[in-house]
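# Structural overview
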Amino acid sequence: MIEFEHVVKRYSGRTVIPDLSLRLEQGRITVVIGASGSGKSTLLKMVNRLEERDGGEIRFQGRDIRSFGVEDLRRRMGYAIQSNGLFPHWTVARNIATVPRLLGWPPERIRARVDELLEMLDLPPAQYRSRHPHQLSGGQQQRVGVARAMAADPEILLMDEPFGALDPVTRASLQHEVRRLHQRLGKTILLITHDIDEALFLADHLILLDQGRILQQGSPQDILSQPASDAVRDFLGRDDLGLRHLALRPVSAVMRPVGDLPPDSVDIADSATLRQALSLLLASRCEWLRVCDAAGQAVGQLHALDVLGLRTDHAA
Ligand SMILES: Nc1ncnc2c1ncn2[C@@H]1O[C@H](COP(=O)(O)OP(=O)(O)OP(=O)(O)O)[C@@H](O)[C@H]1O
C-alpha cells in the first residue's frame, strides 16, 4: 500500500536518509524503531508530505504521492502524534470531528461517528463528548487523538510515538487498545517508537532504523531469533533477548491438557504471555500454573519447565 524506493532526505544539505527502500503491506502494523535522531519522524512525515523527499519515490496505492493533492492525501491518512495536537478550546466531540467536518459530512453522521469512536476507545460518549482536553487525563487525551486520527475512516493510520508521554500502565493499556482495534478493523498502521517492548508487542512487521538506514526488518520473532548483527543484538538488549522471546508467546502455545495439580498451583489467564507466566512462577514460588479462560474455566496447565522450553518427563 505504501512503497519507498531509494528515498533520500536532506535538511539544509545534511543527509539524514541516504537511500531508503521499504514496503508497508495493507492491513499490517508496521513499527519503525530507532534511536533519537535516526530519522523515524522524518520517514513518517514524508508519507503524508509534511516533509518532502529530496530523491527517490514514495507510492501510495501504486501512485506517486506527489500526484495526490496534499489535502486529499492527508484526509486518507490518519495522523496521531505524541503531543496529541488537540485544539484546547474545542470539545472532545469537535476535536474528533475535525476531518469529517472538513469533508462536509451531515451533522447526524458526524455525531454518530464521534460516539462510535468514543465507545470504541472506552470513553462513554455521554460523559466525555462535551469535555475540553484539559478536563481529560493524559491517557484520555491520547485516546481522543487516536479517535480523531480514525474519524474519517482513513486508509492508513500514521502514529508518531502516540503513547510516548504516558506512564507505563496507561501506555500498556493503550497498546492493547491499538492491538484490539487493529484486530477488529484490520487497518494498515505505521507506528513509530523508540520502545523495544512496545515495538515487539505491536509489530506484525518491524523495521530497525539507524542513521536513516535499515539495520534489519522482519517479524519480531524472526528478528529476535536471528539478529543480523551485533548492532541489532545491542538494539534488542542482549541480556534480555530470552525474556523478549517469552513475551511474544502466549501460554496457550505450550500448555498441557487439564490434569491433576498440586494445591499450591496458581491461576493464569490463557491470554497471558510466557514472560508473564515466568514472572508469576517466580513471585508465587510454585511449580505449576493452572491456565484459565475469561470465564475462569481451567483450559490447561503449565509446569515451570514448559515455560522455559525445557519440558522433561520429570515434570510430566
Ligand atoms: N526540520 C528540520 N530541520 C533540520 N534538521 C532536522 C529537521 N527535522 C529533523 N531534523 C534532523 O534530522 C534527523 C532525524 O530527525 P527525526 O526527527 O526524523 O528523528 P527521530 O528518529 O524521529 O528522532 P526522535 O526519536 O528524537 O523524535 C535529526 O538529526 C534531526 O536533528
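By the naming in an unreviewed UniProt entry, the chain goes by ABC transporter ATP-binding protein and is assigned to Amphibiibacter pelophylacis.

This next bit is on the overall build of the chain. The helix and strand inventory of the chain stands at 14 helices and 13 strands. Across its three principal axes, the chain shows a C-alpha extent of roughly 65 × 50 × 30 Å. Taking all 316 residues of the chain together, 47% fall into the buried category. In the chain, 62% of the contacts between residues at least 6 apart in sequence involve partners at least 24 apart. A total accessible area of about 15,100 Å² is found for the chain, and carbon and sulfur atoms account for 49% of it. One way to put it: in the chain the 39 positive side-chain charges average out to a point 6 Å from where the 40 negative ones average out.

On the secondary structure map, N95 appears in helix α3 (residues 92-96). Here N95 falls in the buried class, since its relative accessible area comes to 0%. From its side chain, N95 meets the backbone nitrogen of F87 in a polar contact 2.8 Å long. Not counting the four nearest positions on each side in its chain, N95 is found in contact with L86, F87, W90, P133 and R148.

This part is about the environment of L209. Position of L209 relative to the elements: it lies in strand β9 (residues 205-210). Overall, L209 belongs to the buried group, its relative accessible area being 0%. Each C-alpha atom of the pair L209 and I33 lies 6.0 Å from the other, and the pair is 176 residues apart in sequence. Not counting the four nearest positions on each side in its chain, L209 is found in contact with L20, V32, I33, G34, A35, S38, G39, K40, L43, I214 and F235.

So, how was this worked out
- Residues numbered from 1 in each chain as written.
- Predicted model: local features only at pLDDT ≥ 70, side-chain atom pairs only at ≥ 80, totals over all residues.
- Heavy atoms only, no water.
- Helix = DSSP H or I, 4+ residues; strand = E, 2+ residues; numbered from the N terminus.
- Buried < 20%, exposed > 50% of the residue type's maximum accessible area, 1.4 Å probe, protein only.
- Contact = heavy atoms within 4.5 Å.
- Areas by Shrake-Rupley, 256 points an atom, 1.4 Å probe, with all protein chains shown as cover.
- Lys, Arg positive; Asp, Glu negative; His and termini not counted.
- Charge placed at Lys NZ, Arg CZ, Asp CG, Glu CD.
- Polar contact = N/O pair within 3.5 Å; in protein donor to acceptor, adjacent residues only side chain to side chain.

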